[in-house]
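Here is how the chains run, residue by residue.
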Amino acid sequence: MPTTKLTKRAIDAFARPTENQVVHWDSEIRGFGVRVLPSGLKTFILQYRNAEGIKRRTNLGRYGVMTVEQARDKAKIKLGAVAAGEDPADEARQARSGMTVAEMCDWYLTEARAGNILGRKNRPIKASSLDMDASRIRTHITPLLGKRVVRHLTIADVEQMQADVKNGKTARPRTGGRGGKASGGAGVAGRCVGTLQAIIGHAKHKGLLSEHPTKGAKKLTGNKKNRRLSVDEIEALGTAIAYAERNGENPTALGVLRLLLLTGYRREEAQAMRRAWVHPKGGYVAFPDTKGDAQIRAIGPAAIRIVDAQPTVAGNPHVFPSDITDGPFTAVSSCLGRVCTLASINGATPHTLRHTFGSVAGDLGFSELTIRAMLGHASRSVTQDYIHIDEALKLAVRMTSDEIEKLLARGAQRFSAIPAAAE
């Protein structure tokens, strides 16, 4: 990276990198630089070698809070300390050992969003996963343990936090706008423990802690979601969808609902699907990012017809565009609740529709391996092999989709037979 004298004008002109962070080094003070993140955040840093010849790097302060002159002076002071045999980065690391839970959570989110903390498969943690972590931290972890010093935590402290979340101590009502409410429960409580334990584990890995103080804490498991719709319930849902369609239900919401039924896709995958990802002739959708990374997933003709039937909105690339923003439609869960009420179906969620698709495939005699590939559980390479080489997966998806479409149509016919005056 070429050097330049760091000034306010120069730093203001530094563009945001598109992917990884970029460091711009000062031409006057060796090792003094400013790190620029894709988010636009700019931080002064100092890189040097300590008395043992080990390259170290430490943060000096955030640009905007600290001026260039202040950062330059601080860099000179620290370089003087290095010359005297001190190690500023080690001092900062020792100071962090006294971090509270809230401070360590902030450290984790900052470092992870910068790509400095690796998750599964040794890859940077996805933004969507970090958003969920941030929500758990903000809603449950910080209110219950935020002021506690991490190295003084005990297993009992973490398990008590879990019990408090499970019992609704951090529950709060909806505060307005879109989004759900924090209601607690075993599943959320267990995920909070998982998040906190992972943060502490990353801190230990990075040298902020010498030991993991709460290793061994037992995590609750939520109830496994294995609800599926029966044949009668699928037909009843077809009747209810036909009724809702005739009586003013949002057509985009019904489109997403039908697609979920006919594909087994995850709720987020269906709602956020873009037209450019759909390849009707090839019989697949190329998702650039899913829960299992980028995947190519088969889609049957019945589902393609749902996609083709959706109106396009100029400037919105999504198959199911929002009617209030330029993003995707996001309220299929509410629509499903209303339709299920009409059909007298209890306990159904978007995940129920996914499980139903897999169960119908099982009823048709397809193997567990094939069903896993249909649902995107298999590895990316296995799924791609099925799509590009083995037409068996496309056949399985088409037959399952056609079977569900037939059941929905049978239910819709029952509604069509009812005179309009009798509805």
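Cut-off values and rules
Residues numbered from 1 in each chain as written. Predicted model: local features only at pLDDT ≥ 70, side-chain atom pairs only at ≥ 80, totals over all residues. Heavy atoms only, no water. Helix = DSSP H or I, 4+ residues; strand = E, 2+ residues; numbered from the N terminus. Contact = heavy atoms within 4.5 Å. Areas by Shrake-Rupley, 256 points an atom, 1.4 Å probe, with all protein chains shown as cover. Buried < 20%, exposed > 50% of the residue type's maximum accessible area, 1.4 Å probe, protein only. Pairing = 2+ DSSP bridges. pLDDT = per-residue confidence, 0-100. Axes fitted to C-alpha atoms, helices over the stretch in contact; angles between N-to-C directions. Patch = residues over 30% accessible without salt bridge, like charges linked within 9 Å, V, L, I, M, F, W, Y side chains within 5 Å. Salt bridge = Lys/Arg side-chain N within 4 Å of Asp/Glu carboxyl O. Parallel < 35°, antiparallel > 145°, perpendicular 65-115°, else oblique. Nonpolar A, V, L, I, M, F, W, Y, C, P; charged D, E, K, R; others polar. Expected span 1.5 Å × (residues − 1). Arc of directions from axis to C-beta.

Another point: the overall build of the chain. The helix and strand tally for the chain stands at 16 helices and 7 strands. Partitioning the intrachain contacts of the chain with sequence separation of at least 6 by distance along the chain shows that 58% fall at a separation of at least 24. Counting only carbon and sulfur atoms, one obtains 51% of the accessible surface of the chain, whose full area is about 22200 Å².

What follows is about the pairing of strand β3 (residues 42-49). Taking burial as the measure, the 8 residues of β3 include 6 buried ones, the bulk of the element. Bridge count for strand β2 (residues 32-36) against β3 is 5 bridges, and the pairing is antiparallel. Its bridge partner lying in β3, F32 is registered against L46. Hairpin geometry of β2 and β3 is characterised by an intervening segment of 5 residues between the two adjacent antiparallel strands and by a positive phi of about 100 degrees at G40. The sheet contact formed by β3 and strand β4 (residues 55-62) spans 7 bridges and is antiparallel.

It is worth spelling out the confidence of the model for the chain at this point. A residue-level look at the chain finds 89% of positions with pLDDT of 70 or above and a mean pLDDT of 87. Segment residues 380-389: pLDDT under 50, and 19 contacts once partners within four positions in sequence are set aside and those in other chains are kept.

Let us look at the sheet that holds β2. In spatial order, the strands read β1-β2-β3-β4; together these 4 strands make up an open sheet with antiparallel pairing. A single partner strand is all that each edge strand has here, and the edge strands are β1 (22-25) and β4. Within the sheet, the average angular offset between the axes of one strand and its neighbour, ignoring direction, is 30 degrees. Each of β2, β3 and β4 touches helix α2 (residues 68-83); the most contacted strand, β3, lies at about 20 degrees to it.

This brings us to a nonpolar patch on the surface. A cluster of nonpolar side chains, namely L364, L395 and M399, defines an oily patch on the protein surface of about 230 Å² accessible area. Take L364: its relative accessible area is 34%, and that puts it in the partly exposed class.

What follows is about the sheet that holds strand β7 (residues 295-298). The 3 strands lie next to each other as β5-β6-β7, forming an open sheet whose pairing is antiparallel. The two strands at the open ends of the sheet, each matched to only one other strand, are β5 (278-279) and β7.

A separate point is the packing of helix α14 (residues 368-375) against helix α16 (residues 392-416). Between α14 and α16, the shortest axis-to-axis distance is 10 Å and the interhelical angle comes to 80 degrees. With respect to their mutual orientation, α14 and α16 come out roughly perpendicular. Contacts between α14 and α16 involve T370, A373 and M374 from the former and L393, A396, V397 and T400 from the latter. For the contact of α14 with α16, the class distribution of residues is 5 nonpolar, 2 polar and no charged.

Before going further, it helps to examine the environment of S322. In this structure, S322 sits in the loop between α11 (301-308) and α12 (332-343). For the pair formed by S322 and Q271, sequence separation is 51 residues and the distance between their alpha carbons is 9.6 Å. The residues contacting S322, other than those within four sequence positions of it, are N316, G327, P328 and F329.

Across its 12 residues, helix α6 (residues 155-166) extends 17 Å between first and last C-alpha, which sits within 8% of the 16 Å expected from 1.5 Å per residue. Listing the buried residues of α6 in full gives D157, V158, M161, Q162, D164 and V165. Each buried residue of α6 sits inside an arc of 165 degrees when the element is viewed along its axis, so together they form one side. Where α6 is buried, its residues contact α5 (127-145) and α7 (186-205).

Of the strand pairs in this sheet, β1 and β2 are connected by 4 bridges, and their pairing is antiparallel. Bridge assignment links V22 to a residue of β2, and that residue is V36. If you look at the hairpin formed by β1 and β2, you'll find 6 residues sitting between the two strands, and G31 has a positive phi there, around 90 degrees.

Here we come to helix α13 (residues 350-363). A rise of 1.5 Å per residue sets the reference length of α13, with its 14 residues, at 20 Å; its end C-alpha atoms lie 20 Å apart and thus fit the reference within 8%. Taking burial as the measure, the 14 residues of α13 include 10 buried ones, the bulk of the element. Of the residues making up α13, those classed as buried are P350, T352, L353, R354, T356, F357, G358, S359, V360 and A361. Looking one or two places after α13, you find G365, whose phi comes out positive at around 95 degrees.

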